[in-house]
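A closer look at the structure
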Amino acid sequence: MKRRAFLRNAAGAGASLGILGTSGAKFASGQSVAAPSKPSAEASFPQVKNLTAHTAEFVVNLKLADIPGETLELGKKSVLDGLGLALSGSKAETWKLIQEYLKPLGFPPRSGAAVLGSAVRLPARFAAFANGVAIHVDDFDDTQLASAKDRVYGLLTHPTVPVLPAALAVAEVEGKSGKDLLVAYHSGVEVECKIAEAISPRHYEDGFHSTGTCGVFGSAAACAKLKGLDALHTARAFGVAASQASGLRENFGTMMKPFHAGHAAEAGVVSADFAALGWTAAEQILEAGRGFFHAYGGTYDPSALVDKLGNPWTLQNPGVSIKPFPSGSLTHPGMTELQRLIRANSIKAADVERVEVGTNHNMPNALIHHHPTTGLQAKFSMEFCMAILLLDGKADQTKFTDAVVNRDDVKKMVDRVRFYVDPEAEKAGFDKMTTILKITLKDGRVISGRADFGKGSPTDPMSYDEVADKFRGCAAFAEWPNLKTNQVIDMVRKLEDVADVRTLTALCTV
């Protein structure tokens, strides 16, 4: 959407809420939001007062009883998913490099918070960073879904990865309970997702990685909640976090993408720690003319945030997608549909002449590696994802490696895949990931399919047991003991009953 058109829409949305008119808008707290006296359709930036303060109030006031049971259960699935990915991600080269970086700092090896999948303990900020990198390194973690049609479905944030590692590290150091962790996790995910939904689509389209930029607010919210900060200090934590918001999509397909996620987790710990110490920061960092929404997006849609925190909960509506494949979420509808077509038609790679994959224009904007040469690049290659399913019948963590990507048969099959912008998929809207497949076989037959969403999305969700199976696969990849694996699954299922989070992290460490 063009910026001028978006501004008109934002102004209209604001007027409907009373925030750009004379009446003012009501937040959950019941307080009014000041509005300018002369609304204008061409206003350069929505004038909403106290937005940061009211976001902080949401975090401070949230209780377990405020979170619907269904939302809590959805959160447990994402928590379990994140823990499994931390285990499998501990086997990645990135963890070796992080240890090399930290070695000269001389931290006592058995003090602080746990680095999952290892025997190492670190100060909370560095444990959050390491676990955040591990959860995101395989690009296998959950994905926020957009609700507005001008927002790009699946291109907002990975909601769990900035929040869970930070919350887990602080909860462990502070000796918090599973209930405390759940409340902090939900407050962070909700804040992060609503901020990502509100900011102009230009933010992502022009190159920012929203998991890094918006994730810092979720991480800061969760840590502030666990540390018991009041609304003023939570707002300041947001101010500290905003100045650490970072991440550019040009780095997709490199180690910097998981770095963004780890940094967002670390930044939340740092932000809450500094705010608790009395460090000052702007207390209106979201809405200010020189604040986050203006600097990072040019503008934002107030109606996506005002009165929307927990109303509805993003985990519930529009929902979060849990990934069945360790690749960019935009590949998943096509991969889900291709798997179905292969099974239904007994398609063999040797029989395939070519594969055409049509999507809306936003999807090639993220899936940028058309002839990948590394496993990381392959995660953002529609062509590779199609090729590997045709050749090997599966696309798990063992397939996204440099060696597999550079196999001769893989390269030849990649060359047979055409990835293009299809008018029909474009017309379907960006709130879907419409993927149109056309497989031409060497005998002349043409097999077609279409999918708007993939397995794991709210339209075809994974049950807790299915997420548990994914967790078992990640644990097996990390060579984790079966006994501990099953204990984690059972413990997360009843996380609100866990008296001390350290009993959970103990099952995920050596």
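Because the structure is predicted, anything quoted here is derived from the model rather than measured.

As for the overall build of the protein
The helix and strand tally for the protein stands at 24 helices and 10 strands. Computed over C-alpha atoms, the radius of gyration of the protein comes to 22 Å, within 12% of the 24 Å expected from 2.2 N^0.38 for 510 residues, which places it in the range of a compact globule. Across its three principal directions, the C-alpha atoms of the protein cover 70 × 60 × 40 Å. Looking at the protein as a whole, 60% of its 510 residues qualify as buried. The contacts in the protein between residues at least 6 apart in sequence include a share of 77% that link residues at least 24 apart. On the protein, the mean spot of the 55 positive side-chain charges and the mean spot of the 55 negative ones are 1 Å from each other.

Some points on the nonpolar core
If you look at the biggest cluster of nonpolar residues, it comprises 110 residues, and the most contacted ones within it are L83, F217, F292 and F293. It is helix α7 (residues 178-198) that contributes the most residues to this core, 11 residues altogether. With near-sequence residues (within four places) excluded, L83 lies in contact with L116, L164, L168, F471, V488, V492 and L504. In terms of nonpolar packing, the next biggest core, distinct from the first, is built from 40 residues, L367, F384, A387 and I447 among them.

Quick notes on the confidence of the model for the protein
Close inspection of predicted coordinates is inappropriate for parts of the model with low pLDDT. Looking at the protein, pLDDT values average 90 and 91% of them are 70 or higher. The low-confidence segment residues 1-42, where pLDDT is below 50, has 82 contacts with residues more than four positions distant or belonging to other chains.

Notes on the pairing of strand β7 (residues 352-359)
The element β7 is largely enclosed, with a buried count of six among its eight residues. The pairing of β7 with strand β9 (residues 435-441) spans six bridges and is antiparallel. Considered in β9, the bridge of R354 is made with T440. Bridging between β7 and strand β8 (residues 417-421) involves five bridges; their strand directions are parallel. Opposite V355, over in β8, you have V417 as the bridge partner.

Details of the packing of helix α10 (residues 215-226) against helix α11 (residues 231-242)
Relative to each other, α10 and α11 sit at 145 degrees, their axes nearing to 9 Å. Between α10 and α11 the crossing geometry is right-handed. Contacts from V216, F217, A220, A221 and A224 of α10 reach α11 at T234, A237, F238, A241 and A242. Counted by class, the contact of α10 with α11 contains nine nonpolar, one polar and no charged residues.

Quick look at the pattern of salt bridges
Taken as a whole and assessed by the stated rule, the structure comprises 28 salt bridges. When the shortest N-O distance is used, the salt bridge between D81 and K470 registers 2.9 Å. Taken together, the residues D81 in helix α3 (residues 69-89) and K470 in helix α22 (residues 464-477) connect sequence positions 389 residues apart. Each member of the pair, D81 as well as K470, carries the same accessibility label: buried. E283 is the partner of R236 in a salt bridge, and the nearest nitrogen-oxygen pair spans 3.0 Å. Taken together, the residues R236 in helix α11 and E283 in the loop between α12 (256-277) and α13 (292-297) connect sequence positions 47 residues apart. Its relative accessible area of 32% is what places E283 among the partly exposed residues. By sharing partners, the salt bridges in this structure join D392, K399, R407 and D409 into a single network.

Points about the environment of G188
Among the secondary structure elements, G188 is positioned in helix α7. Residue class for G188 comes out buried when judged on its relative accessible area of 0%. Along the chain, G188 and L389 lie 201 residues apart, while their C-alpha atoms are 36 Å from each other. Non-local contacts of G188, meaning those with residues more than four positions away in its chain, are made with V163, G218, A221 and A222.

Criteria and cut-off values
The numbering scheme is per chain: residues are counted from 1 as the chain's sequence reads. Since the coordinates come from a predicted model, pLDDT governs what is reported: local features require at least 70, and pairs of side-chain atoms require 80 or more to be given and counted, while whole-chain, interface and lining totals use all residues. Side-chain metrics in this entry use all non-hydrogen atoms of the structure; hydrogen atoms and water are not considered. Per the convention used, a helix needs a DSSP run of H or I reaching at least four residues, while a strand needs a run of E reaching at least two, with both numbered from the N terminus. We take the radius of gyration over the C-alpha atoms and set the globule estimate at 2.2 Å times the residue count to the 0.38 power. Each residue gets one of three labels from its accessible area relative to the maximum for its type: buried under 20%, exposed over 50%, partly exposed in between, using a 1.4 Å probe on protein chains only. Two residues qualify as a contact provided that any one of their heavy atoms is within 4.5 Å of a heavy atom in the partner residue. In this tally Asp and Glu are treated as negative and Lys and Arg as positive; neither His nor the chain ends contributes. A single reference atom marks each charge: NZ on Lys, CZ on Arg, CG on Asp, CD on Glu. The term nonpolar core refers to a set of buried residues drawn from Ala, Val, Leu, Ile, Met, Phe, Trp, Tyr and Cys, joined through side-chain atoms within 4.5 Å. For every residue, the predictor assigns a confidence score, pLDDT, that lies between 0 and 100. A pair of strands is considered paired only if DSSP assigns at least 2 bridges between the two. Angular values range over 0 to 180 degrees, each being the angle between N-to-C directions of two axes fitted as lines to C-alpha atoms, with helices fitted over their stretch in contact. By convention the crossing between two helices is left-handed if the near helix lies anticlockwise of the far one by an angle smaller than a right angle, and right-handed if it lies clockwise. Any residue outside Ala, Val, Leu, Ile, Met, Phe, Trp, Tyr, Cys, Pro, Asp, Glu, Lys and Arg is labelled polar, Gly included; the first ten of those are nonpolar and the last four are charged. Any carboxyl oxygen of Asp or Glu within 4 Å of a side-chain nitrogen of Lys or Arg constitutes a salt bridge here.

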